[in-house]
Amino acid sequence: MKYILVTGGVISGVGKGVIASSFGTLLKSCGLDVTSIKIDPYINIDAGTFSPYEHGEVYVLDDGGEVDLDLGNYERFLDVTLHRDNNITTGKIYQLVIEKERKGEYLGKTVQVVPHITDAIQEWVERVAETPVRGVSKPQVCIIELGGTIGDIEGMPFVEAFRQFQFRVKRENFCCAHVSLVPSPSSTGEPKTKPTQSSVRELRGFGLSPDLIVCRSEKPIGSEVKEKISNFCHVAPDQVICIHDLSSIYHVPLLMEQNGVIEFLNERLQLHIQPSKREKCLQKWKDLARRSETLRKTVNIALVGKYTKFKDSYASVIKALQHAALAVGYNLNLNFIDSSLLENETLQEAPSKYHKEWQLLCESDGVLVPGGFGSRGIEGKIKACKWCRENRKPFLGICLGLQAAVIEFARSVLGLEDANTTEINPKTANALVIDMPEHHTGQMGGTMRLGKRTTIFSDEPSIIRQLYGNPKTVDERHRHRYEVNPKYVPQLEEHGLRFVGCDDTKMRMEIIELRNHPYYVGTQYHPEYLSRPLKPSPPFLGLILASVGRLSNYIARGCRLSPRQQSDASSDEDDLAKLTTMKLNGIAKRLNVNCNGKLSASEASDNESKQLQA
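What counts, and where the lines are drawn
Residues numbered from 1 in each chain as written. Predicted model: local features only at pLDDT ≥ 70, side-chain atom pairs only at ≥ 80, totals over all residues. Heavy atoms only, no water. Helix = DSSP H or I, 4+ residues; strand = E, 2+ residues; numbered from the N terminus. Expected span 1.5 Å × (residues − 1). Buried < 20%, exposed > 50% of the residue type's maximum accessible area, 1.4 Å probe, protein only. Contact = heavy atoms within 4.5 Å. Axes fitted to C-alpha atoms, helices over the stretch in contact; angles between N-to-C directions. Parallel < 35°, antiparallel > 145°, perpendicular 65-115°, else oblique. Left-handed = near helix turned anticlockwise from the far one by under 90°. Nonpolar A, V, L, I, M, F, W, Y, C, P; charged D, E, K, R; others polar. Pairing = 2+ DSSP bridges. Patch = residues over 30% accessible without salt bridge, like charges linked within 9 Å, V, L, I, M, F, W, Y side chains within 5 Å. Areas by Shrake-Rupley, 256 points an atom, 1.4 Å probe, with all protein chains shown as cover. Salt bridge = Lys/Arg side-chain N within 4 Å of Asp/Glu carboxyl O. Right-handed = clockwise from strand over helix to strand, strands pointing away. Polar contact = N/O pair within 3.5 Å; in protein donor to acceptor, adjacent residues only side chain to side chain. Phe/Tyr/Trp six-rings, centres within 6.5 Å; stacked < 30°, edge-to-face > 60°. Lys NZ or Arg CZ within 6 Å of the ring centre and 35° of its normal.

1. Comments concerning helix α5 (residues 113–129)
Point 1. With 17 residues, α5 should reach 24 Å at 1.5 Å per residue; the first-to-last C-alpha distance of 23 Å fits that figure.
Point 2. When α5 is considered as a whole, its buried residues turn out to be H116, I117, T118, A120, I121, Q122, W124, V125, V128 and A129.
Point 3. Where α5 is buried, its residues meet β1 (2–9), β2 (34–40), β5 (87–89), α4 (90–102), β6 (141–146) and α6 (156–168).

2. Thoughts on the packing of helix α1 (residues 16–29) against helix α3 (residues 70–78)
Point 1. Contact geometry of α1 with α3 gives a least axis separation of 9 Å together with a crossing angle of 25°. It follows that α1 is roughly parallel to α3 by the angle criterion. You can see that α1 and α3 cross each other, and the crossing is right-handed. Facing G17, V18, A20, S21, S22, G24, T25 and K28 of α1, the residues of α3 in contact are D70, N73, Y74, F77 and L78.
Point 2. A breakdown of the residues in the contact of α1 with α3 according to their chemical character gives five nonpolar, six polar and two charged.

3. Here's the deal with the sheet that holds β1
Point 1. If you trace the seven strands from one edge of the open sheet to the other, you get β5-β2-β6-β1-β7-β8-β9, paired in parallel fashion. Each edge of the open sheet is held by one strand with a lone partner, namely β5 and β9 (240–244). Averaged over neighbouring strand pairs, the angle between their axes works out to 20° when direction is ignored.
Point 2. Sheet analysis places strand β7 (residues 174–181) next to strand β8 (residues 212–217), joined by five bridges and oriented parallel. Among the inter-strand pairings, V179 is bridged to a residue of β8, identified as V214.
Point 3. Against the sheet, α3 engages β2, β5 and β6, with an angle of about 170° to β2.

4. Describing a nonpolar patch on the surface
Point 1. There is a patch of nonpolar side chains on the surface, built from Y94, I98, V113 and V114 and spanning about 320 Å² of accessible area.
Point 2. Breaking the nonpolar patch down by element, the ones donating at least two residues are α4 and α5.
Point 3. When you line up the elements, Y94 lands in helix α4.
Point 4. Assessed through its relative accessible area of 32%, Y94 is described here as partly exposed.

5. Details of the pairing of β7
Point 1. Of all the eight residues making up β7, seven are buried; the element is thus mostly covered by neighbouring parts of the structure.
Point 2. Two elements, β1 and β7, share seven bridges in a ladder whose sense is parallel. Opposite Y3, over in β7, you have F174 as the bridge partner.
Point 3. Handedness of the β-α-β unit built from β7, helix α7 (residues 194–205) and β8 comes out right-handed.

6. Examining the environment of S247
Point 1. On the secondary structure map, S247 appears in the loop between β9 and α9 (251–258).
Point 2. Counting along the chain gives 46 residues from S247 to E293, while the straight-line C-alpha distance between them is 8.3 Å.
Point 3. Among the polar contacts made by the side chain of S247, one reaches the side chain of E293 at a distance of 2.5 Å.

7. Quick look at the packing of aromatic side chains
Point 1. What the rule picks out here adds up to 12 aromatic pairs.
Point 2. Consider the rings of F77 and W285, whose centres lie 5.1 Å apart with planes at 25°: the pair is stacked. Of this pair, F77 sits in helix α3 while W285 sits in helix α12 (residues 283–293), and the two are 208 residues apart along the sequence.
Point 3. The exposure class assigned to F77 is buried, which follows from its relative accessible area of 7%.
Point 4. On the basis of relative accessible area, W285 is assigned to the buried category, the value being 11%.
Point 5. Relative to F165, the ring of F162 lies with its centre 5.9 Å away and its plane at 85°, an arrangement referred to as edge-to-face. Of the two residues, F162 and F165 are both situated in helix α6; the distance of three residues between them amounts to about one turn of the helix.
Point 6. Note on F162: relative accessible area 1%, which makes it buried.
Point 7. Positioned over the ring face of W124 is R127, at 5.0 Å from the centre of the ring.

8. Thoughts on the sheet that holds strand β14 (residues 420–421)
Point 1. With mixed pairing, the three strands of this open sheet are ordered in space as β14-β15-β18. With partners counted over all chains shown, the strands left at the sheet margins are β14 and β18 (482–484), one partner each.
Point 2. Where strand β15 (residues 431–435) meets β18, three bridges bridge the pair, whose relative direction is antiparallel. Bridge assignment links V433 to a residue of β18, and that residue is V484.
Point 3. Contacting β14, β15 and β18, helix α17 (residues 400–412) crosses the sheet at an angle of about 150° to β15.

This is the structure in structure tokens:
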């Protein structure tokens, strides 16, 4: 097993996750099986109880693990299925050690950070690195990202563990890459290497010497800066990789490949990558990056949520929209709308904000209402659902978005004005959304309906089922505490809100679809978690297609995009016009039309004349 440890310096959020994912992408493209581990030094057991404003979204895995959003990057880049143990936290390690101590497994010894905590970390890494993440084959390379920055007090046990680990697995099996910020203050206008020097010096003081230094900067930095970092940080110039801000993260692996990262890792870790495989590396990523740079049209999507001040709160949703837009051949312009600003209270208190948000919503091509928890902003989401339903605007609701759509329909169409969710009003007379048996009040962590579950499609035809390829079932990941009250389902369906997907008990509603609407779909599950750059999620793809007026044509094609549509984003109207022109030209050719486009009466039959007129 080969290990690549990715550490960070100067500031957090410098891009270690994308860099670590890019290492994996490069090696995977060379035919190696790659797995990833994310280490978060916080004491929480997992990310399940985090506020989205703290660490962004909570990413959910197949096994129900609630983990850091960086694992979403790994899964999307590498197209693998990770497990809850691929996310290590201080809380998990200490919980494991304390449980062993309570069982007497340490035979009365004093339990200490060294060696017991550090040993537990190393054993965890070795165990998880051997776990298959793609099929049944054992991974060959494990990418480990150490969260935070070097010098953080909570990360010290992990740094010490890897200082020991490099000798445990031998030098030829362990490589360290240090990601550091190289700022360019506006006052001087030149890159400053001192923060990187200090960060590397601190890392070396802890016993870890970086084999690669990845310099993050706003703009490209020259060879002089690389040589300076090389001189002061005890590495060769070709071991200093500069990654500046790029138009798309799809370019990051390509830039790293251009800087010779594959050759370096091949030699340093003795990977024995064949030259023939190296030549074919990253072709799909190159095509993807090239396509992302040649898009000429834009689709405007409004995301109506309650955590819109911090975009990482919807990281997977944003990525899923980008994947779908790219597949269709459009640039994505995403407008974040704070759902609380759509409510009547805002109209009274801040009318300018109210009208501004509503204008953004009205000018959008499609609307997405994502999940969330709590009462704030729920009425704004319900209003957005109503506007989309009444104005035939393409709409996708996820989790709470589905629940808001159901509540709105019950209020407006069924006349149940007090319809609500028990999450907001536990005493409502018409509880359209109720809490589930799995939800235990007072115990917040891990008590939701989590992980991959099966949804069974109904026999009646539906747009969403066709988008999935007309299967009988589909497996998607869940994260919710509340669900649609099955008591109201017959009444809702009678008035046109169809429940086209449910679980195997027929009691849990999974998918809604509105009759006689271009695209009004809601899912109780979170389809964004399984979206991939080269395989966009069907519900998101449907939203984008409907938003640009191509959904019906896409379904008519058998749910396939033509190569021309993908390459230049031509509209269905263009395709139809081209097809019509070809037919007319064929008829004209058969009728021997003269150069003025006039038919000779003696040459044209009545039947063919009628065809041409049609």
